Amino acid sequence: MGWWKDSIDIVKRQDPAARTSLEVLLTYPGIKALAAHRLSHFLWKHHFKLLARMHSQFWRFLTNIEIHPGAQIASGVFIDHGAGLVIGETSIIEKGAMLYHGVTLGGTGKDVGKRHPTVREGALISAHSQLIGPIEIGKNAKVGAAAVVLTDVPEDVTVVGVPAKVVRVHGQKDEAIIRTLQEAREASYHSSHL
Ligand SMILES: CC(C)(COP(=O)(O)OP(=O)(O)OC[C@H]1O[C@@H](n2cnc3c(N)ncnc32)[C@H](O)[C@@H]1OP(=O)(O)O)[C@@H](O)C(=O)NCCC(=O)NCCS
């Protein structure tokens, strides 16, 4: 029951529109997609790869949320709305993360092995943001709606825009710290072979 409780609790905590556990269970496509992913992931890990892909595609058809069976997703993750959301094979999503519709956790097409993003605990990935490559979104970081994120986002930082730039650090608009963090991110981008 732990997984279900974690998954329902986060929805009730984060979404003022959620009224009861039953309503969450019956009407939130994110819960259905994440529950189905547990079976897809089990099949994937036990080398039933084709069955796992077919199972995840079946649930994509029903929910409009595409999660590769290889993705590692903790309990207590919240996918709100979810339509058009894509989560790639080597993505990792930790507890308390929240993702909206239209989000992509995708690859660049140039990396091998771990080639999709890692989303740390409590991070917010807003609607239609595109996170590309084996980058890390730090604990409690926020990615603004429609941002395109190509480099790591430090813990408790907000990034927005295309390409995404730091606009808040610990919720504050401290220009000097923002500039330092942004310069470090740009340096890593230019050395990342993208
Ligand atoms: C980024 C976001 C999470 C806010 O994070 P925050 O840390 O509270 O940041 P703020 O609201 O203080 O905004 C910081 C700056 O970024 C700007 N900003 C906020 N969101 C932005 C976005 N998506 N794109 C571009 N700029 C944005 C603000 O205007 C502000 O600019 P300023 O520095 O010139 O004042 C939020 O604005 C956002 O994008 N939410 C979307 C959530 C979502 O997907 N909802 C869908 C519900 S169905």
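As a reminder, the structure under discussion sits directly above these lines.
Now for a description of the structure that goes with this document.

What counts and what doesn't
- Residues numbered from 1 in each chain as written.
- Predicted model: local features only at pLDDT ≥ 70, side-chain atom pairs only at ≥ 80, totals over all residues.
- Pairing = 2+ DSSP bridges.
- Helix = DSSP H or I, 4+ residues; strand = E, 2+ residues; numbered from the N terminus.

## Some thoughts on the sheet that holds strand β11 (residues 136–137)
The 4 strands are arranged β2-β5-β8-β11 in an open sheet whose pairing can be described as parallel. The outermost strands of the open sheet, each flanked by one partner alone, are β2 (72–73) and β11. Here β2 runs beside strand β5 (residues 92–93); their pairing, made up of 2 bridges, is parallel. In the sheet register, Q72 faces β5, and the bridge partner there is I92.

## Regarding the pairing of strand β14 (residues 157–160)
Note: strand β12 (residues 142–143) against β14, 2 bridges, orientation parallel. Its bridge partner being in β14, V143 is matched across the sheet by V159. Inspection of the sheet shows β14 paired to strand β15 (residues 165–169) by 4 bridges, in the antiparallel sense. Each residue of the ladder has a partner; that of V159, found in β15, is V166. In this structure, the hairpin formed by β14 and β15 is closed by a connection of 4 residues, where G161 is found at a positive phi of approximately 95°.

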